[in-house]
Amino acid sequence: MPELPEVEVVRRGLERWVSGRTIASAEVLHPRAVRRNAGELADQLKGREIRSAERRGKYLWLPLGDEGVEPGGPEGEAGEALLAHLGMSGQLLVIEPDAPLEKHLRVRIGFADGGPDLRFVDQRTFGHLLVAPLTAPEPPSRGGRVRPVPEPVAHIAPDPFEDVFDDAEFAARLRRRHTGIKRALLDQSLISGVGNIYADEALWRARLHWARPTESLPTKKITELLAAARAVMSEALNEGGTSFDSLYVNVNGESGYFDRSLAVYGRRDEPCRRCGTPIRREAFMNRSSYSCPRCQPRPRDARP
DNA sequence: CGTCCTACCTGGAGGC
DNA sequence: TGCCTCCAGGTAGGAC
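These numbers were taken from a predicted model, which means no experiment stands behind them.

**Here we look at the protein's contact with DNA strand C**
So, point 1. The local shell around DNA strand C holds 14 residues, among which His85, Met88, Arg124, Phe126 and Tyr265 are the closest.
So, point 2. Counting only the atoms of DNA strand C that lie within 4 Å of the protein, the sugar and phosphate share comes to 59%.
So, point 3. One of the side-chain N or O atoms of lysine 58 is found 3.5 Å from a phosphate oxygen in DNA strand C.
So, point 4. The contact in question runs from a phosphate oxygen of DNA strand C to an N or O atom on the side chain of tyrosine 59, over 3.2 Å.
So, point 5. The class makeup of the residues in the surface near DNA strand C is five nonpolar, five polar and four charged.

Rendered as structure tokens:
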């Protein structure tokens, strides 16, 4: 399941293997992979150069050069980008054009240099690719230069590794919520990049139960939680980043990413690494939450 | 508006 | 062996 660290590994791979290259063709093999862009993707991409690879939270995008497009047009001020969300099972593969087609290949992008394809493979089809205009982010961050983001990303909050992420503002907004802390962590309009796995891991490190009401969290605890989230995600990134040096952009959360370092996620009935108490699994939002019953006791005023 | 819930989708695992 | 059910979960969109 790609969350921030996995998506960042992919971003680095794309920056290395596809930025600076010009797209020759794009073929859509499954309409769901491009949402409403169905027939247009090929036309939108043909002849355009990929300038770089950017990311906010779990979204990543490739800003496109204006080749073939009237420069300085009224709408093209900030340009466009090929936006990608990997969903649950999405992979972006950089792979030789003559390699056999993957079973769940959804979009195939070929390049003018005849080099490796960029292939979007996605078994569960929750991910998608889309060409979108770049625009200013929705809640205008004060001060400094504002980095344009694709339109569908405008309402997404900065992730905790961005310079524009404001810890104090996050704490204030968090306390204004009337919900449980894990719901808030998964709310991409409050903080982006955190998914079910790293939410559980960060909460365990900060010794917080997932149902703890946000409005009663002391600033100190919020600071601790943010530090835990940053630590667990950067550790995961360091592990994922090391295996990345082939002509292959790996996003598959299943195979060998960070598994050894997980403290609670998927460890039902196994001993807590801090106190030895068996890890519990609880139903939460139609999925699972893992926690230590002793280190993370359920609060009396728990939120659903 | 804020908060919560469900649908979307596929294939592997486990029960019988 | 095959059929069934459960499970994984990010996000859009709708209910309240």
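Let's pick the thread back up.
**Examining helix 5 (residues 196-205)**
So, point 1. Most of helix 5 sits out of view: nine of its ten residues are buried.
So, point 2. Among the residues making up helix 5, those that are buried are Asn196, Ile197, Tyr198, Ala199, Asp200, Glu201, Ala202, Leu203 and Trp204.

**As for the protein's contact with DNA strand B**
So, point 1. Around DNA strand B, the structure places Arg32, Lys103, His104, Gln123, Arg124, Thr125, Phe126, Arg177, His178, Thr179, Arg183 and Asn286.
So, point 2. Within the backbone of histidine 178, a nitrogen or oxygen atom sits 2.6 Å from a phosphate oxygen of DNA strand B.
So, point 3. Threonine 179 is positioned such that a nitrogen or oxygen atom in its side chain is 2.7 Å from a phosphate oxygen of DNA strand B.

**A few points about the UniProt feature "domain: FPG-type" (unreviewed entry) in chain A**
So, point 1. With numbering matched to this structure, UniProt assigns "domain: FPG-type" (unreviewed entry) to residues 263-297.
So, point 2. End C-alpha atoms of residues 263-297 are separated by 16 Å, and the span's content is 0% helix alongside 29% strand.

**Details of the pairing of strand 11 (residues 287-291)**
So, point 1. The buried fraction of strand 11 is high, at four of five residues.
So, point 2. Where strand 10 (residues 280-284) lies against strand 11, five bridges are found, and the strand directions are antiparallel. Residue glutamate 282 lies in a different strand from strand 11, and its bridge partner there is serine 289.
So, point 3. Adjacent in sequence and paired antiparallel, strand 10 and strand 11 are bridged by two residues, among which methionine 285 carries a positive phi angle near 50°.

**What to know about the pairing of strand 3 (residues 59-64)**
So, point 1. Buried residues dominate strand 3, accounting for six of its six residues.
So, point 2. Burial along strand 3 is two-sided: Tyr59, Trp61 and Pro63 and Leu60, Leu62 and Leu64, pointing in opposite directions, are all buried.
So, point 3. Relative to strand 3, strand 2 (residues 54-56) runs antiparallel, the two being bridged by three bridges. Of the residues in strand 3, the one forming a bridge with glutamate 54 is tryptophan 61.
So, point 4. In textbook terms, the turn of a hairpin is the stretch between consecutive antiparallel strands, and for strand 2 and strand 3 this stretch comprises two residues, one of which, glycine 57, has a positive phi near 60°.
So, point 5. Relative to strand 4 (residues 80-85), strand 3 runs antiparallel, the two sharing six bridges.

Cut-offs applied
- Residues numbered from 1 in each chain as written.
- Chains lettered and ligands numbered in written order.
- Predicted model: local features only at pLDDT ≥ 70, side-chain atom pairs only at ≥ 80, totals over all residues.
- Heavy atoms only, no water.
- Near = heavy atom within 4 Å.
- Polar contact = N/O pair within 3.5 Å; in protein donor to acceptor, adjacent residues only side chain to side chain.
- Nonpolar A, V, L, I, M, F, W, Y, C, P; charged D, E, K, R; others polar.
- Buried < 20%, exposed > 50% of the residue type's maximum accessible area, 1.4 Å probe, protein only.
- Helix = DSSP H or I, 4+ residues; strand = E, 2+ residues; numbered from the N terminus.
- UniProt positions renumbered as here; feature names shortened; annotations may be inferred.
- Pairing = 2+ DSSP bridges.

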